[in-house]
Amino acid sequence: MRQEVAGLSKAAGAGRLRRPRWRRLVARVLNYALLLAIFAFAVFPFLWTLAIAITDKTVVGGTSIYAFPQSLFPKALTLGNFLEVVEKLNLGKYFLNSVVITGLTVLGTLLVSALAAYPLARMSFPGRNLIFGAVVSTLVLPTEIAFIVNVLTLRDLGLLGTYLGVVLPTVATAFGIFLMRQAYLAIPSTLMEAARIDGATEAQILWRVMVPLSLPSLTALGIFTLVGTWNAYFWPSVALLTNDDLLPMSVAILKLKGQFNYDSFNVAAGAMIMMIPVLVVFLLAQRFFMRGTEGAVKG
Amino acid sequence: MHVKRRALTTALIAYAFLAPALVLMGLFTFYPVIYGAFLGFTDYTIADLAAKEPPRWVGFANFAQVLGDPLFQTGVWNSLKYLLVVPVLQVAALAVAVLVNQKLPLMGLFRTSYYVPVVTSIALAAVMWDWIFQKDGFLNWSLRLLHLINWEGRFSWLLNEHTALWAIMLVTFWRGFGYYMVLYLAGLQSIPAELEEAAVLDGAGAWQRFWRITVPLMKPTLLLCSLLSTIAAIRVLEEIIVFTGGSGGPLNSTYTALLYVYNKSWGNMLDANFGVAGAAGLLIALVGFALSYLNFYLTREERGGRA
Amino acid sequence: MVKKLLAAGMLGLGLLGLGGMAQQRTVEIEFWTYYLSPNFDNYIKGVIADFEKANPTVKVKWVDKQDTMERDLTAAIALGKAPDVVNLWQDSTFAAAQNGLLTPLTELTTQAALENAYYPNVLSIFTVDGKPYGYPWYGWVDQGVMMYNPELLAKAGVDPNGIKTTDDLLAASEKIKKATGAYGWLPPVKDPNGASFLGRFFLEGLSIYDAQGKANFNSAAHVALLQKYVDLMKADVIPQELLRKEAFQLTNELYSQGKVAIMIGGPQSLNRVKESNPDLYKKTKVVAAPLGAAKLQTGGAMDLVIPKASTKKREAALFASFMTSRANQVKFANVVPIVSTARGSENDPNLRPKDPNDPIEVAKGMVSGSGRFINPGFKPPKNTDDIFKNFNDNIEAAFLGRKSAKQALDDAVTFWNANAK
């Protein structure tokens, strides 16, 4: 279903059939003007970072990267900064670690959250409110010392310095469970009742009704988890204290900010290397959380 | 008897679904969080950790110390002020979500670009925002074009105690609207298309459809987003560190509650005082609980509205 | 309880093991540095290889840490897997030593040997409550050299050779600002770390403490000095942004844009200019830095410490002194312009500039051997964070015109003396 510029003008949305053509055009132009304005607001630091990352530093001439707006328009372009970062930090290995850690974390989070949220949203059993309250309360409780306690637990479990050690403590989150619970709550209960009458088990209802209908929320959760895990450097650095072969790229990229030879072009290239994979995933994944628009009536 | 057995089966199934989450959270979230809260009632510093001394119970001593510290009071007050970003951020994020929920050419790129601030490193974004807020920066320059300020009296927005916190709130807004946009977009998909169509045929305008259909059906998402945003605002830290070098200046006008905790623990690890940090963290959590309750209360379900 | 018994048992076994067969076994020690990889991989790995060759029974595992160093170290100690040699700096060494995390070096070597190997002034930076805790490693000087943009100075009619004192420098800054619109020099008045304005007092020969160790930096002379800087900021001779950003960072940003004429400090600033504005780098000239009335050079250094939780302290000490030896520090100074803190470096022939036309080489020649001039300044008080925070808040209030200079310093002294435990 199209949402024509909701909130812009009452008349603009009052039924497409009754609306003259020129007004539709004006609405379309206003739409894009607004979209472009927000676009500029959102991406300007990204564009600056990108501009520096592709600036050929050997011909930078008399301007500094901090000189605005000159530094937004590099005199000469290159991909050299990217190659330099990849080579200098040996990023290939770290990139693979990042992919494994992030992949496992996203899968784990989706699985655990989708399962746990279902009874919290749609089943009545003793302890439900208590458990939900406890889960949500961890969003606000202090976590300053959690990392020390958690490495000790990992050691006792023999998981210190393994991929699993990095991943397991982060997959069950209040955020994920809460998000999925809210998504399930929005699904009309008639659908569940119908499935129950057809004799479906709870697991079948979850898998065949709830999960497909909450695909947009699952995708959102997946993307948030992906971004969070991909960029996290503190927890992986502690959990892999004893095994730096498994460190993710987010930790390796910190090395660009040394006390000597702080190379802003390389730092910018490093930031791009971190951001671009995530944005590509977002670009590809958004059709999952836009799924609902696909079947909408046309005109 | 039969009813009882069914209830038991349901409970068993429920706990089976919950089991992985409960085991993992129990080990890696509840246990450290409870331990951290317990430390708030003890005297426990990095020296004790090094010497393998156990925490010593001191009751409410840390709480008295923290509550009596003017810096903590300032911090809580500033964090409460920070909450003002929440309604603005949520309204904007929902509006943007509705805007990009259209099927128009290039929409995929717009949606992705609005998500860019979420993945931009705050340290790099800070350089640009810094340039905007400077005395001779972009913001003052634009305001002059619009004849909104007296150029001679211009100042750096981050060095004036009346504007610094607002300036940083704008950055939080910038970082947040794309994030909540995604959640709202996901929520919008759960609204059955038939409802909207029926409303259109009834001659309802966009504004009416928004308030009568979108908002009521999005209640679960609204609660989720407003709660997350409230908690994030009361626990704001990263922006403050980046824009003030961790000082909370000028004149402590951006010193937030969590900055206090940070300075007693993470930010100063080799001199950490886990007791005081834990107590301060618990006090902030109390505020967080109260605000969370308010969120649940304001978005409570009126039965029968759905399905 | 059980854990404690186990730990005691393990310690006993460890000691037995060490006594019995330390000779044959190879021992692996873990060495943590701070932000040195990958730029100095070759250098560090080279020194480690030399060490392992000279000590075939010891293997060194090198790990470079970044942002998370202090938290990683805490976690490692909690785990009982503490690294054996760790690269810290003054603040962190103080905090760690006062909290019992570090081994006093005199347990492993004699005070005389330490004083023989390092400049005593640098060694004292890492001396906490009378005991040395860190092997001095690479250092820097705050004054060092004066690097300037000759075009801006010429335009303002300022003769760089006439700048001999901090007062000259401030007078020149006023002229430069008036004539060119660019700032002259950016003094650290409120850096995010530490308490920069105390440094200004110290360099002008004004006291921080009285004979009893009480803070006393609120005399008329102190007030006048603060007032002077407050007035300079009001007149925009020094930028207000100094209240928010580290002077070193801001100087680097603005110098490369031609918006600051003079940099004072170590040659490492030039590295950044070289990268962000090579043309300006080639024009930049280097002369001796002006000094304050006290004629002192302040500075600092990195150090290598041995955690108390290390189980291989003897090997750790061996390696730490090898890494920080004069030969190895001088080698390091030739890789990047650091100041060697090993005694006798001022006469080392390997610290002379190789190319008299390259600004970095010239500056290196002038400062690399100046470790004997590094003055640690004053000892930070206990409860440093709270006290420095309060001091900086007061300085900021004075600069923003919310308190008089006198009121600000009076308040800071009162808080200081009430809270320094």
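Residues numbered from 1 in each chain as written. Chains lettered and ligands numbered in written order. Predicted model: local features only at pLDDT ≥ 70, side-chain atom pairs only at ≥ 80, totals over all residues.

Trainee: What should I look at first to understand the overall build of chain C in this one?
Mentor: Looking only at helices and strands, chain C features 18 helices and 11 strands. Here chain C has a C-alpha radius of gyration of 23 Å; the compact-globule value for 421 residues is 22 Å, and the two agree. The dimensions of chain C, computed from C-alpha atoms along their principal axes, are 75 × 55 × 35 Å. Per-residue burial for chain C yields a buried fraction of 50% across its 421 residues. Restricting to contacts in chain C with at least 6 residues of sequence separation, those with at least 24 account for 73%. (Helix = DSSP H or I, 4+ residues; strand = E, 2+ residues; numbered from the N terminus. Rg over C-alpha atoms; globule rule 2.2 N^0.38 Å. Buried ≥ 20, exposed ≤ 12 C-beta atoms within 10 Å, placed from the backbone. Contact = placed C-beta atoms within 7 Å.)

Trainee: Mind showing me how you'd approach the overall build of chain B here?
Mentor: Secondary structure summary: chain B contains 15 helices and two strands in total. Principal-axis analysis of the C-alpha atoms places the extent of chain B at approximately 80 × 70 × 30 Å. Counting all 307 residues of chain B, 52% fall into the buried class. Long-range contacts, defined here as pairs at least 24 residues apart, represent 68% of the contacts in chain B between residues at least 6 apart.

Trainee: Sorry, what's going on with the nonpolar core here?
Mentor: When a protein is soluble and globular, its nonpolar side chains tend to lie buried together. By size, the foremost hydrophobic cluster in this structure holds 306 residues, and its most contacted members are B:Val96, B:Ala97, B:Met181, B:Val182, B:Tyr184 and B:Ala280. By residue number, the principal contributor to this core is helix α9 (residues 164-188) of chain B, which donates 17 residues. Those residues in contact with B:Val182, other than ones at most four positions away along the chain, are A:Ala220, A:Ile223, A:Phe289 and B:Tyr115. (Core = buried A, V, L, I, M, F, W, Y, C linked by C-beta atoms within 7 Å.)

Trainee: I'm lost on the interface of chain A and chain B in this one. Help?
Mentor: How big an interface is tends to be reported as the loss of accessible area on association of its parts. Each side of the interface is counted separately: chain A has 82 residues, and chain B has 81 residues. For the side of chain A that touches chain B, the class distribution of residues is 58 nonpolar, 18 polar and six charged. (Nonpolar A, V, L, I, M, F, W, Y, C, P; charged D, E, K, R; others polar.)

Trainee: What should I look at first to understand the domain arrangement of chain C in this one?
Mentor: Residues and elements named next belong to chain C. By domain assignment, chain C separates into domain 1 (26-141 + 300-375) and domain 2 (145-298 + 382-419). One C-alpha centre belongs to domain 1, the other to domain 2; they are set 29 Å apart. Listed as interface residues are 14 residues of domain 1 and, on the opposing side, 13 residues of domain 2. Considering each element in turn, the side of domain 1 that touches domain 2 owes the most residues, seven residues, to helix α16 (residues 359-367). A class-by-class count of the residues in the side of domain 1 that touches domain 2 yields 11 nonpolar, two polar and one charged. (Domains from an automatic or database assignment.)

Trainee: Just checking my understanding: could you explain unusual backbone geometry for this structure?
Mentor: B:Pro250 follows B:Gly249 through a cis peptide bond whose omega is 0°. Looking at where B:Pro250 falls in the secondary structure, it is placed in the loop between α13 (238-244) and α14 (257-264). Unusually for a residue other than glycine, A:Asn90 sits at a positive phi of about 55°. Tracing the chain through its elements places A:Asn90 in the loop between α2 (80-89) and α3 (91-122).

Trainee: Would you mind going over the interface of chain C and chain A with me for this structure?
Mentor: Each partner contributes residues to the interface: chain C has 30 residues there, and chain A has 32 residues. Among the secondary structure elements, those contributing two or more residues to the side of chain C that touches chain A are β2 (58-65), α3 (69-79), α11 (247-256), α12 (268-276) and α13 (278-283) of chain C. The greatest single-element share of the side of chain C that touches chain A, amounting to seven residues, is contributed by α3(C). Among the residues forming the side of chain C that touches chain A, the class breakdown is 10 nonpolar, 11 polar and nine charged.

Trainee: What is the right way to read the environment of A:Lys255 from this model?
Mentor: Within the secondary structure, A:Lys255 sits in the loop between α12 (249-252) and α13 (264-289). For the pair formed by A:Lys255 and A:Phe39, sequence separation is 216 residues and the distance between their alpha carbons is 32 Å.

Trainee: I keep staring at the pairing of strand β7 (residues 145-148) of chain C and nothing clicks. Help me out?
Mentor: Where a strand is regular, its side chains alternate between the two sheet faces. Residues and elements named next belong to chain C. With burial as the criterion, each face of β7 is covered, one bearing Val145 and Met147 and the other bearing Met146 and Tyr148. Across four bridges, β7 lies against strand β8 (residues 262-265) in antiparallel orientation. Paired with methionine 146 across the bridge in β8 is isoleucine 264. Examined bridge by bridge, β7 and strand β9 (residues 285-288) share four bridges and lie antiparallel to one another. Paired with valine 145 across the bridge in β9 is alanine 288. (Pairing = 2+ DSSP bridges.)

Trainee: Got a minute to help me understand the domain arrangement of chain B in this structure?
Mentor: Per the domain assignment, the segments of chain B are domain 1 (1-31) and domain 2 (40-298). The centre of domain 1 of chain B, based on its C-alpha atoms, is set 34 Å off from the matching centre of domain 2 of chain B.

Trainee: Any chance you could explain the sheet that holds β8(C) here in plain terms?
Mentor: Across a sheet, strands are paired by hydrogen bonds formed along the backbone, either parallel or antiparallel in direction. Residue and element names in this part refer to chain C. One open sheet holds the three strands; their spatial order is β8-β7-β9, and the pairing between them is antiparallel. Two strands in the sheet have a free side with no partner beyond their single neighbour: β8 and β9. For this sheet the average axis-to-axis angle between neighbouring strands, irrespective of direction, equals 25°. On the sheet, α16 packs against β7 and β9 and is oriented at approximately 160° with respect to β7. (Axes fitted to C-alpha atoms, helices over the stretch in contact; angles between N-to-C directions.)

Trainee: Would you take a moment to explain α13(A) for this structure?
Mentor: Over its 26 residues, α13(A) extends 36 Å from the first C-alpha to the last, a length consistent with the 38 Å expected when each residue adds 1.5 Å. Along α13(A), the sharpest kink reaches roughly 35°, centred on A:Leu283. (Expected span 1.5 Å × (residues − 1). Bend = angle between axes of the 7 residues up to and from the residue.)

Trainee: What exactly am I supposed to notice about the pairing of β2(C) here?
Mentor: Two strands pair when backbone bridges link them, and strand β1 (residues 27-34) of chain C and β2(C) are joined in this way by eight bridges, in the parallel orientation. Residue C:Glu30 lies in a different strand from β2(C), and its bridge partner there is C:Lys61.

Trainee: Where do I start with the packing of helix α3 (residues 61-68) of chain B against helix α15 (residues 274-298) of chain B in this structure?
Mentor: Packed helices, taken two at a time, are described by the angle their axes make and the gap between the axes. Residue and element names in this part refer to chain B. Between α3 and α15, the shortest axis-to-axis distance is 9 Å and the interhelical angle comes to 70°. Comparing the axis directions of α3 and α15 gives the class roughly perpendicular. Note on element contacts: α15 touches α3 through Gly275, Val276, Ala279, Ala280 and Leu283, opposite Asn62, Phe63, Gln65 and Val66. Broken down by class, the residue content of the contact of α3 with α15 amounts to six nonpolar, three polar and no charged. (Parallel < 35°, antiparallel > 145°, perpendicular 65-115°, else oblique.)

Trainee: I would appreciate a short explanation of the confidence of the model for chain C in the present structure.
Mentor: The predicted structure's coordinates, where accompanied by low pLDDT, should not be read in detail. In this model, chain C carries an average pLDDT of 89, and 94% of its residues clear a pLDDT of 70 or more. Low confidence marks residues 1-22 of chain C, where pLDDT is under 50. Its contacts with residues over four positions away, or in another chain, come to one contact. (pLDDT = per-residue confidence, 0-100.)

Trainee: Is there a simple way to explain the packing of α14(B) against α15(B) in this structure?
Mentor: Residues and elements named next belong to chain B. Where α14 contacts α15, the axes come no closer than 8 Å and their chain directions differ by 160°. As the angle between them shows, α14 and α15 are arranged roughly antiparallel. α15 is crossed by α14, and the crossing has left-handed handedness. Taking contact as the criterion, the partners of Ala257, Leu258, Tyr260, Val261 and Lys264 in α14 are, on α15, Val276, Ala277, Ala280, Gly281 and Ile284. Each residue belonging to the contact of α14 with α15 can be placed in one class, and the counts come to eight nonpolar, one polar and one charged. (Left-handed = near helix turned anticlockwise from the far one by under 90°.)

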